[in-house]
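Residue-level listing of the chains:
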Amino acid sequence: MPIDPTAQKMLDDARASGRPNAHLLPVATARENFEAAFAGLTKPAIARVVEVTIPTRDGDRIRGRVYLPDSDGELPLTVYYHGGGWLMGSIDSHDVTTRLLANAAGSAVLSVDYRRGPEHRFPVAVDDAIDALLWAVDARTVEDLGVDTRRLAVAGDSAGGNLACAVAIHARDTDLTPAVRHQLLVYPASTTDLSIGFDDRYQGVMLEREECLWHQANYLTTSEDHSDPRMTLLNADLVGLPEATVILAECDPIKPQGELLAEALHAAGVPTITREYPGMIHGFFGLDEIFSLATDAMRLAGERLAQALQPRIGMSA
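Everything numeric in this text was worked out from a predicted model, so none of it was measured.

Draft legend 1. How the structure looks around the pattern of salt bridges. With the rule as written, the count across this model stands at 25 salt bridges. The partner of R140 in a salt bridge is D144, with the nearest N and O atoms 3.2 Å apart. Linking R140 with D144, this pair stays in helix α5 (residues 140–144), spanning four residues, or about one helical turn. Given a relative accessible area of 59%, R140 falls into the exposed group. Residue D173 pairs with R172 through a salt bridge whose shortest N-O separation is 2.7 Å. When salt bridges that share partners are traced, they join K43, E51, R63, R65, D92, D95, R99 and D113 into one network.

Draft legend 2. Fine view of the environment of M280. Here M280 is to be found in the loop between β8 (272–277) and α11 (292–308). Here the alpha-carbon distance between M280 and P5, two residues 275 residues apart in the chain, equals 9.7 Å. Those residues in contact with M280 that sit more than four places away from it in its chain are D4, A249, E250, C251, D252, F291 and L293.

Draft legend 3. Here's a closer look at the pairing of strand β4 (residues 108–112). The buried count for β4 comes to five of five residues, which makes it a mostly enclosed element. Residues of β4 alternate between two faces, with A108, L110 and V112 on one and V109 and S111 on the opposite face, all of them buried. Here four bridges tie strand β2 (residues 61–68) to β4, and the two strands are oriented antiparallel to one another. Paired with R65 across the bridge in β4 is S111.

Draft legend 4. Here's a closer look at the pairing of strand β6 (residues 180–186). In terms of residue burial, β6 counts as a mostly covered element, since seven of its seven residues are buried. Here strand β5 (residues 147–157) runs beside β6; their pairing, made up of six bridges, is parallel. Its bridge partner being in β6, V154 is matched across the sheet by Q183. You can see the chain leave β5, run along helix α6 (residues 159–173) and come back into β6, and the turn it takes is right-handed. Bridge analysis of β6 against strand β7 (residues 243–249) gives five bridges, and the strand direction is parallel. Bridge pairing in β7 links V186 to I247.

Draft legend 5. Molecular detail of helix α3 (residues 95–105). The buried count for α3 comes to nine of 11 residues, which makes it a mostly enclosed element. Where α3 is concerned, the buried positions are D95, V96, T97, T98, R99, L100, L101, A102 and A105. Buried residues along α3 sit against β1 (48–55), β2, β3 (75–81), β4, β6 and α11. Among the residues trailing α3, G106 stands out with phi positive, at a value near 60°.

Cut-offs and rules
Residues numbered from 1 in each chain as written. Predicted model: local features only at pLDDT ≥ 70, side-chain atom pairs only at ≥ 80, totals over all residues. Heavy atoms only, no water. Salt bridge = Lys/Arg side-chain N within 4 Å of Asp/Glu carboxyl O. Helix = DSSP H or I, 4+ residues; strand = E, 2+ residues; numbered from the N terminus. Buried < 20%, exposed > 50% of the residue type's maximum accessible area, 1.4 Å probe, protein only. Contact = heavy atoms within 4.5 Å. Pairing = 2+ DSSP bridges. Right-handed = clockwise from strand over helix to strand, strands pointing away.

These values are about where atoms sit, not about what they do.
Laid out in structure tokens, this is it:
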């Protein structure tokens, strides 16, 4: 199926602008352009937004933002990690996405502003992602907002999907209580090997092969980093992970990474639902005002989270 006409116009307009691709720019400029691309989106209404500060294991502090939809009782919690190749993106660029997800799932969403490369290289982003989850489970601040942290999920898109799965693995390995119930993985990165993780038919459709290598070069340091199971999830033991929803875009050059991860999760016995959206491109999730299929994807994400995060028999509300 061809690329969605609206998506094609976006690509054509970007090429006509003459603006260099991210990997041809200084990281700071690429970040500014990334943020600007989302700045004009209409922010959906939500009951409440609360800014928080999250301590990290090395004594630093990172930003977080809690989104609270309307509710008659306590809300479950979804911890969200934004995309951007471990170099770009923020809780601001993904503000619309996380608002939509909170409303769709009927869940509080904690969006995490983890530290990025090249200033903070692997595994800092993974450590921050884990620390944010642990803080949320223990933080009185979150409980005081009417959040039931016993009903817990992780979510993320692209690099954030990679982090979400890595956090789920850590939670399993450390017998975290409460257990993570669900992982929502939106076109997740799962390998640094582009011989299996990049579809050249869609080269230049939002992402370029050289751009992916640029992200890796600015985030990873050693060959061991590339193969580390916290980075290359296909090298990880996936047995015993919580159920997963994998959302993919048909015309995404890194779609194979999501497909391979979904297959590996299924092979490991993890209940996994995969949904591919025809004609869609990398980055479509959360662009509901542009793509009707983005609305469908958000609805699916919300339904899957809501189902997983329902109160269980014997659990007080």
